[in-house]
Amino acid sequence: MELSINKTKKLIVCTHPLISNNLAILRNKNTPSENFRRAVQKIAHVLFYKATKNLPVSTTSIETPLMTLQAEIIAPDAEIIIAPILRAGLIFSDAALEILPQARIHHIGLYRDEETLKPVPYYNNLPASFKSPERTFIYLLDPMLATGGSAIAAVKMFTEMNIPQENITFVSLISSPEGIKRLTTKYDSINIVTASVDSGLNEIGYILPGLGDAGDRAFNTNY
Ligand code: PRP
Ligand code: URA
């Protein structure tokens, strides 16, 4: 299928030999969960550095040992929200918190009904509203963007709370062209940061070549 994903201005595909190497570890069906999680951490750090390049900055005066400097820092009034989509999104949380220790974490409980492929919400701990939606920056974490149903449901929760699409970044390990297309057709200004755009989906909505079920691989529940 020909999909014009290159026209998606806000898609960043992080390519690097170390990312490729760790993706190969993740894709290998013989990789044990412990090594799977370790490879995710390594990729996640790079993804978050890319994802957070939209954070606003301000300057503050600091003294180096030699002189005064107007140093650039993350704007203190920026509200940073990390939102892992349960359960697989949890594998990104530690890396995200290491990079953004000042962030608030809001978990989003969604699972994909494997018959209908539709997202089923079961939990979220979002506040009733955000004080300053224009200054709130959301990083949605989910290793797999497959049909895009879960991503769309999660983004909707934040746009309904008046968060501008431009302030929302979806961070994934592997994305399908179909998922990117569907998500960006619905929300044409959101940002996507991913380590790979794979070939497509199989008949049961799994990404090919993909890595299988991310939650099961990470949490060792593929019996
Ligand atoms: C996986 C994955 C995404 C979703 C992607 O979660 O982590 O949330 O599927 O599929 P979609 O783009 O077609 O919606 P899953 O429903 O397997 O839940 P889990 O993380 O609890 O294993
Ligand atoms: N969810 C996964 O965990 N893997 C896929 O390939 C698709 C959805």
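Preceding this section is the structure that the text describes.
What comes next concerns the included structure. (Residues numbered from 1 in each chain as written. Chains lettered and ligands numbered in written order. Predicted model: local features only at pLDDT ≥ 70, side-chain atom pairs only at ≥ 80, totals over all residues. Heavy atoms only, no water.)

**Description of the site of ligand 1**
We count it as follows: Near, as used in this document, describes a residue that has one of its heavy atoms within 4 Å of the molecule or strand being considered. Counting of polar contacts relies on pairs of N or O atoms within 3.5 Å, with two restrictions inside protein: one atom must be capable of donating a hydrogen and the other of accepting it, and residues adjacent in sequence are counted only when both atoms are side-chain atoms. In this description, accessible areas are obtained by the Shrake-Rupley approach with a 1.4 Å probe, and a residue is regarded as covered only by the protein chains that are shown. Put simply, DSSP H or I for four residues or longer makes a helix, DSSP E for two residues or longer makes a strand, and each gets a number counted from the N terminus. Throughout, the ten residues Ala, Val, Leu, Ile, Met, Phe, Trp, Tyr, Cys and Pro are labelled nonpolar, Asp, Glu, Lys and Arg are labelled charged, and all others, Gly among them, are labelled polar.
In the vicinity of ligand 1 there are 13 residues, among which Arg112, Asp142, Thr147, Gly148 and Ser150 approach most closely. Contact distances for ligand 1 include 2.9 Å between an oxygen atom and a backbone N or O atom of Ala88. In the environment of ligand 1, an oxygen atom lies 2.9 Å from a nitrogen or oxygen atom belonging to the backbone of Gly148. Summarising the interface, the protein chains cover 92% of the accessible area of ligand 1, which totals 500 Å² for the free molecule. When contributions to the shell around ligand 1 are tallied by element, the ones reaching two or more residues are strand 6 (108-112) and helix 4 (149-159). Per-class residue counts for the shell around ligand 1 are 5 nonpolar, 4 polar and 4 charged.

**Digging into the packing of helix 1 (residues 17-27) against helix 2 (residues 33-51)**
Selection criterion: Helix axes are fitted only over the stretch in contact, all axes being lines through C-alpha atoms; the angle between N-to-C directions runs from 0 to 180 degrees. By the definition adopted for this analysis, an angle is roughly parallel if under 35 degrees, roughly antiparallel if over 145, roughly perpendicular if from 65 to 115, and oblique otherwise. Each helix crossing is assigned a hand: it is left-handed if the near helix lies turned anticlockwise from the far helix by less than a right angle, otherwise right-handed if that turn is clockwise. The contact rule is simple, with two residues in contact once any of their heavy atoms fall within 4.5 Å.
Running from amino to carboxyl end, helix 1 crosses helix 2 at an angle of 150°, the nearest separation of the two axes being 9 Å. With respect to their mutual orientation, helix 1 and helix 2 come out roughly antiparallel. In terms of crossing hand, the pair formed by helix 1 and helix 2 is left-handed. Residues Ile19, Asn22, Leu23, Ile25 and Leu26 of helix 1 form the contact with helix 2, whose participating residues are Asn35, Phe36, Ala39, Val40, Lys42, Ile43 and Val46. Grouping the constituent residues of the contact of helix 1 with helix 2 by class yields 9 nonpolar, 2 polar and 1 charged.

**Structural notes on the pattern of salt bridges**
Note the following rule: We count a salt bridge whenever a side-chain nitrogen from Lys or Arg sits within 4 Å of a carboxyl oxygen from Asp or Glu. To sort residues, take the accessible area from a 1.4 Å probe on protein chains only and compare it with the maximum for the residue type: under 20% means buried, over 50% means exposed, and anything in between is partly exposed.
Summed over all chains, the structure comprises 7 salt bridges. The residue Asp198 makes a salt bridge to Arg27 at a minimum N-O spacing of 2.7 Å. Of this pair, Asp198 sits in the loop between strand 11 (191-197) and strand 12 (200-201) while Arg27 sits in helix 1, and the two are 171 residues apart along the sequence. A salt bridge links Glu34 to Arg38, with the nearest nitrogen and oxygen atoms 2.9 Å apart. Here Glu34 and its partner Arg38 are both found in helix 2, 4 residues apart, which amounts to about one turn of the helix. On the basis of relative accessible area, Glu34 is assigned to the partly exposed category, the value being 48%.

**Some words on the packing of helix 4 against helix 5 (residues 177-186)**
The contact between helix 4 and helix 5 brings their axes to 9 Å, and the two run at 25°. In terms of orientation, helix 4 lies roughly parallel with respect to helix 5. For the element pair helix 4 and helix 5, the recorded crossing hand is right-handed. Facing Gly149, Ala151, Ile152 and Val155 of helix 4, the residues of helix 5 in contact are Arg182, Leu183 and Lys186. In terms of residue class, the contact of helix 4 with helix 5 is built from 4 nonpolar, 1 polar and 2 charged.

**Some remarks on the site of ligand 2**
Ligand 2 sits among Arg112, Met144, Ala146, Gly205, Tyr206, Ile207, Gly212, Asp213 and Ala214. Ala214 has a polar backbone atom sitting 2.9 Å from an oxygen atom of ligand 2. Look at ligand 2: alone it shows 240 Å² of surface, and the protein chains cover 88% of it. Residues of the shell around ligand 2, tallied by class, amount to 5 nonpolar, 2 polar and 2 charged.

**Structural notes on helix 5**
This is how the line gets drawn: Regarding the arc, it is the one traced by the directions from the helix axis to the C-beta atoms.
Those residues of helix 5 that sit buried are Pro177, Gly179, Ile180, Leu183 and Thr184. Along the long axis of helix 5, the arc covered by the buried residues comes to 160°, so they all point the same way. When the buried face of helix 5 is taken as reference, the exposed residues oriented beyond 90 degrees from it are Thr185 and Lys186. On the buried face of helix 5, the contacting elements are strand 1 (11-13), strand 9 (144-145), helix 4, strand 10 (168-175), strand 11 and strand 12.

**Side note on the pairing of strand 10**
Stated formally: The pairing criterion for strands is at least two bridges between them, as found by DSSP. The definition of a right-handed crossover adopted here requires that, viewed with the strands pointing away, the path from the first strand over the helix to the second runs clockwise.
Extensive coverage of strand 10 is indicated by the burial of 8 of its 8 residues. Here strand 8 (residues 136-141) runs beside strand 10; their pairing, made up of 4 bridges, is parallel. The residue bridging Tyr139 from the neighbouring strand is Thr169, located in strand 10. As judged from the 2 bridges shared by strand 9 and strand 10, these two strands associate in the parallel manner. Bridge pairing in strand 10 links Leu145 to Ser175. Crossover strand 9 to strand 10 through helix 4 is right-handed.

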